[in-house]
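# Coordinate analysis (summary)
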Amino acid sequence: MTRQALATIRPFALAPAGRVGGEGPVLALRLDDRGLDALRAVLGRDLDDIFLRGVQVLLAVCPRALEGVAPEAAERAGEALATYRVAAGAWLMRVTVRRSVDRAYDPLTADDPLMHDAGRGLVAALRDALA
């Protein structure tokens with residue numbers, strides 16, 4: 001995520017009224033007022049490290065559910081999305097600590113089996129739901 005892309009975020013912009021959706025399967029993030037306030041708090045942060053800031057934003061807006069598919073498939077996809085968010089959040093914490101100790105650390109080359117396993121599980125659940 002670039003500095004320019006991050007600069008376009010407006011955390012306190014008005015959300016559209018009503019439910020946004022589409023035809024067919026939709027990856028969705030539906031928030032109540034408390035969840036929306038928490039999302040706005042994350043989006044409103046100011047962090048100098050563009051890489052870490054970009055990952056924070058991507059995790060904050062990561063979909064929580066797959067809608068428009070069979071209920072069993074939606075449940076499996078939702079669980080896989082949650083597992084991926086947890087793994088990605090833990091990875092982000094490890095990267096943050098490493099970068100604070102050694103700025104030369106490049107997280108893009110990190111071989112993180114937990115992250116890879118969660119990603120493979122998510123891809124499998126989404127493929128199964130869309131098959």
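The preceding data block contains the structure.
Residues numbered from 1 in each chain as written. Predicted model: local features only at pLDDT ≥ 70, side-chain atom pairs only at ≥ 80, totals over all residues. Heavy atoms only, no water.

## Here we look at a nonpolar patch on the surface
Worth spelling out the cut-off: Only residues whose relative accessible area exceeds 30% and that form no salt bridge enter a patch; like-charged residues are grouped when within 9 Å of one another, and nonpolar side chains (Val, Leu, Ile, Met, Phe, Trp, Tyr) when within 5 Å. Exposure was quantified through the Shrake-Rupley algorithm and a 1.4 Å probe, taking into account, for residues, occlusion by the shown protein chains and nothing else. Salt bridge, as used here: a side-chain nitrogen of Lys or Arg that lies within 4 Å of a carboxyl oxygen of Asp or Glu. Three labels apply to residues, based on accessible area from a 1.4 Å probe with only protein chains included: buried if under 20% of the type maximum, exposed if over 50%, partly exposed otherwise in between.
A cluster of nonpolar side chains, contributed by Met 1, Leu 58 and Val 61, occupies part of the molecular surface with about 270 Å² of accessible area. With relative accessibility at 36%, the residue Val 61 sits in the partly exposed group.

## Describing the environment of Ala 70
Condition: Helix and strand assignments come from DSSP, with helices taken as H or I runs of at least 4 residues and strands as E runs of at least 2, each series counted from the N terminus.
Inspection of the secondary structure assignment puts Ala 70 in the loop between strand E2 (65–67) and helix H4 (71–101). On the basis of relative accessible area, Ala 70 is assigned to the partly exposed category, the value being 41%. For Ala 70 and Ala 118, which are 48 residues apart along the polypeptide, the C-alpha to C-alpha distance reads 22 Å.

## Structural notes on the packing of aromatic side chains
Basically, it comes down to this: Working definition: rings of Phe, Tyr and Trp (its six-membered ring) pair if their centres are within 6.5 Å, and the pair is stacked with planes under 30 degrees apart, edge-to-face with planes over 60 apart, and tilted otherwise.
For the coordinates displayed, the defined rule picks out 1 aromatic pair. When the centroid spacing of 6.2 Å and the interplanar angle of 75° are considered together, the rings of Phe 51 and Trp 91 count as edge-to-face. Residue Phe 51 is found in helix H3 (residues 50–60), and its partner Trp 91 is found in helix H4; the two are separated by 40 residues along the sequence.

## Observations concerning the layout of surface pockets
What counts here: The method works on a 1 Å grid over the protein atoms by themselves. A cavity is a set of points holding a 1.4 Å probe that cannot get out, a pocket is an open set with protein on both sides within 12 Å along at least five of seven lines, and residues with an atom within 4 Å of a point line them. Grid points are joined across faces, edges and corners, and a volume is the space filled by probe spheres set on the points. Under this grouping Gly is polar, as are all residues other than the nonpolar Ala, Val, Leu, Ile, Met, Phe, Trp, Tyr, Cys and Pro and the charged Asp, Glu, Lys and Arg.
For the largest pocket, the calculated volume is near 610 Å³. Lining of the largest pocket is provided by 23 residues; of these, Ala 15, Pro 16, Leu 29, Leu 31 and Leu 36 occupy positions nearest its centre. Residue assignment for the lining of the largest pocket shows that the elements contributing at least two residues are strand E1 (26–28) and helix H2 (33–43). Ranked by the residues each element gives to the lining of the largest pocket, the list is headed by H2, at 5 residues. Among the residues forming the lining of the largest pocket, the class breakdown is 16 nonpolar, 1 polar and 6 charged. Taken as a whole, the second largest pocket encloses approximately 150 Å³ of empty space. Together, Arg 3, Leu 6, Ala 7, Ile 9, Leu 43, Gly 44, Arg 45, Asp 46, Leu 47, Asp 48, Ile 50 and Arg 53 line the second largest pocket. Among the secondary structure elements, those contributing two or more residues to the lining of the second largest pocket are helix H1 (3–7) and H3.

## Considering the side chain of Arg 40
Our working definition: In this tally, Asp and Glu contribute negative charge and Lys and Arg positive charge; neither His nor the terminal groups of the chain are included. Polar contact is defined as a pair of N or O atoms within 3.5 Å, subject to the rule that within protein one atom must be able to donate a hydrogen and the other to accept it, and that residues adjacent in sequence are counted only when both atoms are side-chain atoms. Residues are treated as being in contact if the distance between any of their heavy atoms lies within 4.5 Å.
Locating Arg 40 in the fold gives a position in helix H2. Of the buried charged residues, Arg 40 lacks a salt bridge, with Asp 37 as the closest side chain of opposite charge at 4.4 Å. In this structure the side chain of Arg 40 is engaged in a polar contact, spanning 2.9 Å, whose partner is the backbone oxygen of Pro 11. Setting aside anything within four residues of it in sequence, one finds Arg 40 in contact with Pro 11, Phe 12, Ala 13 and Ala 15.

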